Structure formats: structure tokens, C-alpha cells
Amino acid sequence: MNDLTRRDFIQSTAIAAATGAIASRASASTQAAPKLTHPVVVASGNGMAATQKAADMIAAGADTLDAVIAGVNIVEKDPDDMSVGYGGLPNEDGIVELDSCVMHGPTCRAGSVAALRNIKTPSRVAQLVMERTDHVMIVGEGALRFARAHGFEEVNLLTDKARRHWLKWKEDHSKKDDWLGAPDAPDADNKGARADSEPMFTYGTINCCGLSPTGEVSGVTTTSGLSYKIPGRVGDSPIIGAGLFVDRTVGAAGSTGRGEAVIKSCGAHTVVEAMRHGMSPTEACLHGLKRIVDTTTELRLLDEKGRPKFDVKFYAVSIDGRHGGAALWSDAHYAVNTDGKNRREPCAHLFQRPPKKG
Ligand code: GLY
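How each quantity is defined
- Residues numbered from 1 in each chain as written.
- Predicted model: local features only at pLDDT ≥ 70, side-chain atom pairs only at ≥ 80, totals over all residues.
- Heavy atoms only, no water.
- Helix = DSSP H or I, 4+ residues; strand = E, 2+ residues; numbered from the N terminus.
- Buried < 20%, exposed > 50% of the residue type's maximum accessible area, 1.4 Å probe, protein only.
- Contact = heavy atoms within 4.5 Å.
- Areas by Shrake-Rupley, 256 points an atom, 1.4 Å probe, with all protein chains shown as cover.
- Pairing = 2+ DSSP bridges.
- Axes fitted to C-alpha atoms, helices over the stretch in contact; angles between N-to-C directions.
- Near = heavy atom within 4 Å.
- Polar contact = N/O pair within 3.5 Å; in protein donor to acceptor, adjacent residues only side chain to side chain.
- Nonpolar A, V, L, I, M, F, W, Y, C, P; charged D, E, K, R; others polar.
- Salt bridge = Lys/Arg side-chain N within 4 Å of Asp/Glu carboxyl O.
- Core = buried A, V, L, I, M, F, W, Y, C linked by side-chain atoms within 4.5 Å.

Enquirer: Help me get a handle on the overall build of the chain, residues and values and all.
Expert: A tally of helices and strands in the chain yields nine helices and 13 strands. Counting across all 358 residues of the chain, residues that qualify as buried make up 52%. When contacts within the chain are restricted to residue pairs at least 6 apart in sequence, those whose partners lie at least 24 apart make up 64%. For the chain, the accessible surface area stands at approximately 16400 Å², while carbon and sulfur atoms represent 54% of it.

Enquirer: Explain the sheet that holds strand S5 (residues 206-211) to me, using residue names and the numbers behind them.
Expert: Within a sheet, neighbouring strands are paired by backbone hydrogen bonds and run either parallel or antiparallel to one another. Read from one edge of the open sheet, eight strands run S4-S3-S2-S6-S5-S1-S11-S12, paired in mixed fashion. Sheet topology places strand S4 (137-139) and strand S12 (341-346) at the edges, where each strand pairs with a single neighbour. Geometrically, the sheet is characterised by an average inter-axis angle of 10° between neighbouring strands, direction not taken into account. By the bridge criterion, six bridges tie S5 to strand S6 (residues 217-223) in an arrangement that is antiparallel. If you follow Cys-209 over to S6, its bridge partner there is Gly-219. Here helix H4 (residues 122-132) sits on the sheet and contacts strand S2 (98-104), strand S3 (109-116), S4 and S6; the angle it forms with S3, its principal contact strand, is near 135°.

Enquirer: Explain the site of the ligand to me, and be specific about the residues and the numbers.
Expert: Around the ligand, the surrounding shell holds 10 residues, and the nearest of these are Thr-205, Arg-233, Asp-236, Gly-257 and Gly-259. One of the side-chain N or O atoms of Thr-205 is found 3.4 Å from a nitrogen atom in the ligand. Taking Asp-236, its side chain carries an N or O atom lying 2.6 Å from a nitrogen atom of the ligand. Across the shell around the ligand, the residue classes tally to two nonpolar, six polar and two charged.

Enquirer: Provide a residue-level description of the pattern of salt bridges, including the pertinent values.
Expert: Evaluated as defined, the whole model comprises 14 salt bridges. Lys-313 is paired through a salt bridge with Asp-311; the nearest N and O atoms lie 3.8 Å apart. Residue class for Lys-313 comes out partly exposed when judged on its relative accessible area of 22%. Beyond isolated ion pairs, a larger network of salt bridges with shared partners links Asp-160, Arg-163 and Arg-164.

Enquirer: Which residues make up unusual backbone geometry, and what values do they have?
Expert: Although it is not a glycine, Cys-108 adopts a positive phi angle of roughly 55°. Among the secondary structure elements, Cys-108 is positioned in the loop between S2 and S3. Look at Cys-266: it is not a glycine, yet its phi comes out positive at around 45°. Classification of Cys-266 by relative accessible area gives partly exposed; the value is 43%.

Enquirer: Residues and numbers for the pairing of strand S10 (residues 323-329), please.
Expert: Judged by how many residues are buried, S10 sits mostly within the fold: seven of seven residues are covered. Two elements, strand S9 (residues 312-318) and S10, share five bridges in a ladder whose sense is antiparallel. Bridge assignment links Ala-316 to a residue of S10, and that residue is Gly-324. Between S9 and S10, which pair antiparallel and follow one another directly, the connecting turn spans four residues, one of which, Gly-321, has a positive phi of 95°. In the sheet, S10 pairs with strand S13 (residues 348-351) via three bridges, with the strands oriented parallel. Note on S13: the bridge partner recorded for Ala-326 is Ala-348.

Enquirer: I'd like a rundown of the pairing of S5, residues and numbers included.
Expert: S5 sits mainly inside the fold: six of its six residues count as buried. Burial along S5 is two-sided: Ile-206, Cys-208 and Gly-210 and Asn-207, Cys-209 and Leu-211, pointing in opposite directions, are all buried. Of the strand pairs in this sheet, strand S1 (residues 40-44) and S5 are connected by four bridges, and their pairing is antiparallel. Bridged to Val-41 within S5 is Gly-210. Between S5 and S6, which follow one another and run antiparallel, lie five residues, and Gly-215 among them has a positive phi close to 90°.

Enquirer: Can you lay out the nonpolar core for me, pointing to particular residues and giving the numbers?
Expert: One finds Val-312, Phe-314 and Val-317 to be the most contacted residues of the largest nonpolar core, which totals 44 residues. Counting 32 residues, the second-largest nonpolar core is a separate cluster that includes Val-72, Val-102, Cys-208 and Val-220.

Enquirer: Provide a residue-level description of helix H8 (residues 267-276), including the pertinent values.
Expert: In terms of burial, H8 is a largely internal element, eight of the 10 residues being buried. For H8, every residue scored as buried is listed here: Gly-267, Ala-268, Thr-270, Val-271, Val-272, Glu-273, Ala-274 and Met-275. Looking at the buried side of H8, the elements it contacts are strand S7 (244-247), strand S8 (251-257), helix H7 (259-264), helix H9 (281-295) and S9. Positive phi shows up at Gly-278, right after H8, with a value of about 110°.

Enquirer: Requested: an account of the sheet that holds S10, with residues and values cited.
Expert: Strand order in the open sheet made by the five strands is S7-S8-S9-S10-S13, with mixed pairing throughout. The open sheet has two free edges, formed respectively by S7 and S13, since each of these has just one partner strand. In this sheet, adjacent strand axes meet at a mean angle of 15° when their direction is disregarded. Each of S7, S8 and S9 is contacted by H8, which is oriented at about 145° to S8, the strand it contacts most.

Here it is in C-alpha cells:
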């Protein structure tokens, strides 16, 4: 191809791409509003109270983001949920560090905080990052100072129950931590592999996405992250496009589980883009999981059949009101509120869990 032809080719390709983009945006924005009579709210399995609260608020006319945040606040403030907010399991130093992000579909805005200490409701701080700053993400000490400036109460997030779990992990000198060591170190291949079957470790999180009958959609993800993580470790939950993604013309998706795998695959964004190209929410969630399987190459993370030893779950709602959830491993559920009813639905899955021994 000579230079002139190459330039013409590049220009025409760019124009075609731009025209395509405009056409697809136009078709998305002119698509018929969903014929819904009730909100549709989906959440991870620990989010039954969140879906009920958010659906009630949306039905009463609340903004979808205010509603899903109010929903997850119930779990963030619950000392018995050891994977989110107050009562969450701490990092390896015994300090609870929280991650959260929010996306407001109607205005295409987002906010996020990571490694935030001492504040029970990181989702509300993330919402204020979105509303009261020109930034999307504030982390660590800066996030705490930002929350302080907005009048958030500071508390020690480590409950006695969580402290006792952490102390047991520390006293046992567990070899299950996140330090891999040098490649030639003895036992190097066996480190950093926290199988889901070990209940002392959790990546637990809550994701909640809500759609109003008028077709507005928003989402939130919030977590205390991986238990006993290296201080400052940030998972997928506060990363826009990983732990959460919302597109006002397509729908919303979020994730729970091993954040490192979700970050590498741009998980929630991958799910939303799959819905944009025609997949149902469940198919799109499975598509996101297959991407994770395809890109997990570390032997320490794979079982003898080459399957991930960890779990990831995706949850999604499409702009026309369909919903779905899928997990790498069987026997998972997600929470959903549709037609004014709150219930648990089984997640689709890629792999069948082996029966429990004994
Ligand atoms: N998905 C939660 C985390 O990895 O921190």
C-alpha cells in the first residue's frame, strides 16, 4: 500500500469506526424504554437486605444510585458480615482497609475510594468523590482525610470477632499469605494459592445494581477485600470496569471473588460489553468468567485439571430488565428483586464443585 492509499485507508477506517460508534449510540439511545412496572435490583448472595431496600426506595421514586448505596450500607454497617465494612477481616497487620466504587448511569459519573481506614460506609465516601470532586478515585490517607472533611465518624472497624480470626491466622504462622518470594525459593509454587475451600480466607464483597422502571441504572460495589492482605493491597471492588461497570444504554454488572483475576480481565466491563453485543446477562457473566479461565496461567492458582482454585462471580442487569449471575464454581446464588418480590436465584456456573469429603 503506498503512502497516499495508506492514509486514505486509515482515514476511511477511522470515519467508518466513528460513524459506527455514532450509529450504535443513536440506536441505543432511541431504543424503546423498558416496559417495567417495578424496579429490578440484583446483588451478590449476601445482598438480600440490600436488594429489598434498594427496590423499595426506587419504587418510591429515589435515584437509583442513592437506592443501591442505601442497600449496601445495611451490610457495610453489619458487624456480622466479615467481608464488608465494619466487622470486615483486616489486613496482615490487623487493620481493616475498605474499597468501594459507585457509578451513576443517568449522568455517566463515577467515584471510588480504596484502602480507606476507620469509616464504616466507604460507598458513601465514593459517592461524595463523584459528587464533590473533579476526581474519580481517592485512596489511603487522602481518602480518610476527604471523609473526615465531610464529617464522617471515625471508628475502629476491627470487631472483636474479626480480631480473633486475624489473631488465629497470625498465631498459626500460616504459610498462606500473599508473599510469593523469589522464583527459586523452596516451595515457591505453593504460595499465594488460597483455595476457596479454606474458609479462613475470604474475598467477600457486596455488589448491587439497580434499574428503575423508567430505565435508569446505577451500581455500587463495596468490600473489606481479601482477608490478611498485604497492607495497601487494592482489589477489583473500587476499580471502575473491574468490580463494577454501568452503561446507561446497556445495563450494569459487578463482581465478587478473587479481585486480581477480575482486574486483569476488566471483568465488569467485559460483561457489559458482551451484553452490548447481544448476550443475555447470564451469557455475558459466563463470557466474563471464561475470559478469566483463559487468562489464568499461574500453576499455583490451578487445580490438577487446570481449573482455577479460586472463585469469581458476576452479576448483571440489562437495560430491558433481564438479570443474571454466574460463578466459576457451582452452588452459588445471587439476590434479586423483580416484580416487587425479593428472592435468591441460582448462579450459572462453569465448573461443578466436587462433593465435600466426609
Ligand atoms: N473482590 C474483592 C477483592 O478481591 O478485594
